[in-house]
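Letter by letter, the chains look like this.
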Amino acid sequence: DVKVTQSSRYLVKRTGEKVFLECVQDMDHENMFWYRQDPGLGLRLIYFSYDVKMKEKGDIPEGYSVSREKKERFSLILESASTNQTSMYLCASSLRGLAGDLHDTQYFGPGTRLTVL
Amino acid sequence: AQSVAQPEDQVNVAEGNPLTVKCTYSVSGNPYLFWYVQYPNRGLQFLLKYITGDNLVKGSYGFEAEFNKSQTSFHLKKPSALVSDSALYFCLAAGNKLTFGGGTRVLVKP
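Here the structure is a predicted model, which means the values were calculated and not measured.

**Section: empty space enclosed by the protein**
With the rule as written, the count across this model stands at one cavity of 30 Å³ or more. In this structure, the largest cavity encloses a volume near 40 Å³. Lining the largest cavity are Arg9, Tyr10, Met88, Pro110, Gly111 and Arg113 of chain A together with Asn41 of chain B. When grouped by side-chain class, the residues that make up the lining of the largest cavity number three nonpolar, two polar and two charged.

**Some points on the state of the cysteines**
Inspection of every chain in the model, using the stated rule, returns two disulfides over all chains. Disulfide partner of Cys23 of chain A: Cys91 of chain A, at an S-S distance of 1.9 Å. Its torsion about the S-S bond being -75°, the disulfide of Cys23 of chain A and Cys91 of chain A is classed as left-handed. Of this pair, Cys23 of chain A sits in strand β3 (residues 19-25) while Cys91 of chain A is found in strand β9 (residues 87-94), placing the two residues 68 residues apart along the sequence. Overall, Cys91 of chain A belongs to the buried group, its relative accessible area being 0%. Paired by a disulfide, Cys23 of chain B and Cys91 of chain B hold their sulfur atoms 2.0 Å apart. On the sign convention where negative means left-handed, the S-S torsion of about -65° between Cys23 of chain B and Cys91 of chain B marks this disulfide as left-handed. One end of the pair, Cys23 of chain B, is in the loop between β3 (19-21) and β4 (24-26); the other, Cys91 of chain B, is in strand β10 (residues 87-94), and 68 residues separate them in sequence. Here the two residues Cys23 of chain B and Cys91 of chain B agree in accessibility, since each one is buried.

**What about the sheet that holds strand β8 (residues 73-78) of chain A?**
Residues and elements named next belong to chain A. Pairing within the open sheet is antiparallel, and its four strands lie in the order β1-β3-β8-β7. In the strand order of this sheet, the two ends are held by β1 (4-6) and β7 (64-70), each with one partner. The sheet shows a mean angle of 20° between the axes of neighbouring strands, direction not considered. The pairing of β3 with β8 spans six bridges and is classified as antiparallel. Counterpart to Phe20 in the pairing with β8 is Ile77.

**So, the side chain of Ser73 of chain B**
Residues and elements named next belong to chain B. Structurally, the position occupied by Ser73 is in strand β9 (residues 73-78). For Ser73, a relative accessible area of 3% gives the class buried. Excluding residues within four positions of it along the chain, Ser73 makes contact with Cys23, Thr24, Tyr25, Glu66, Phe67 and Asn68.

**Considerations on the environment of Ser60 of chain B**
Residue and element names in this part refer to chain B. Here Ser60 shows up in the loop between β7 (56-58) and β8 (64-68). Taking the relative accessible area as the measure of exposure, Ser60 reaches 28% and is therefore partly exposed. In the structure, Ser60 is positioned 28 residues away from Tyr32 in sequence and 17 Å away in space, judged by C-alpha atoms.

What counts and how
Residues numbered from 1 in each chain as written. Chains lettered and ligands numbered in written order. Predicted model: local features only at pLDDT ≥ 70, side-chain atom pairs only at ≥ 80, totals over all residues. Heavy atoms only, no water. 1 Å grid on protein atoms, 1.4 Å probe; cavity = no way out; pocket = protein on both sides within 12 Å on 5 of 7 lines; lining within 4 Å. Points joined across faces, edges and corners; volume = space filled by probe spheres on them. Nonpolar A, V, L, I, M, F, W, Y, C, P; charged D, E, K, R; others polar. Disulfide = S-S within 2.5 Å. Helix = DSSP H or I, 4+ residues; strand = E, 2+ residues; numbered from the N terminus. Buried < 20%, exposed > 50% of the residue type's maximum accessible area, 1.4 Å probe, protein only. Pairing = 2+ DSSP bridges. Axes fitted to C-alpha atoms, helices over the stretch in contact; angles between N-to-C directions. Contact = heavy atoms within 4.5 Å.

Below is the structure:
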């Protein structure tokens with residue numbers, strides 16, 4: 001079974017802090033994703049990565065950055081946390097198809113509920 | 001712009017009755033279509049996906065989904081709902097980008 005783990009289930013930070021969310025997958029998947037989940041809005045893609053050191057912006061990248069130094073690990077960084085970044089953050093991974101397509105089944109971590117005060 | 005609509009925020013159904021969760025999409029090309037389920041305080045779990053071929057797709061836990069190209073719909077169905085099916089369900093269209101629906105909460109009452 002694919003396992004995707006996230007470093008924290010719950011996190012409370014203060015406005016202006018730098019926040020790191022870590023995600024690790026154990027199935028040698030090439031694609032990794034970061035989403036935020038808000039009620040009524042579903043999941044919105046923040047960033048994804050199709051290879052080490054490679055990244056692509058999703059629909060809502062503003063205020064976020066990512067890092068992928070190793071294939072199994074994908075980090076989401078909030079450079080200066082703000083209250084509107086209070087949300088559930090979900091990481092996912094998938095096998096890569098040809099040319100980095102997005103059609104493969106994604107496997108999700110349990111999520112990190114971040115509260116910014 | 002691409003969009004996926006799940007028109008019902010919540011669906012209530014009695015245990016043993018059929019369950020339907022609706023999804024329509026507006027996505028260019030021929031997207032892959034997925035259904036995921038989220039139980040409380042958990043990540044999303046894959047249920048099924050449509051790539052091509054037979055319009056009826058069977059998935060995990062007795063769920064199935066019907067693809068209708070003319071109506072651009074991909075409704076999730078289960079013939080006989082269980083209380084344990086109570087959860088949040090998401091539809092996803094994967095084309096040249098990923099677009100999730102807003103989610104539908106299913107409540108199955110005993």
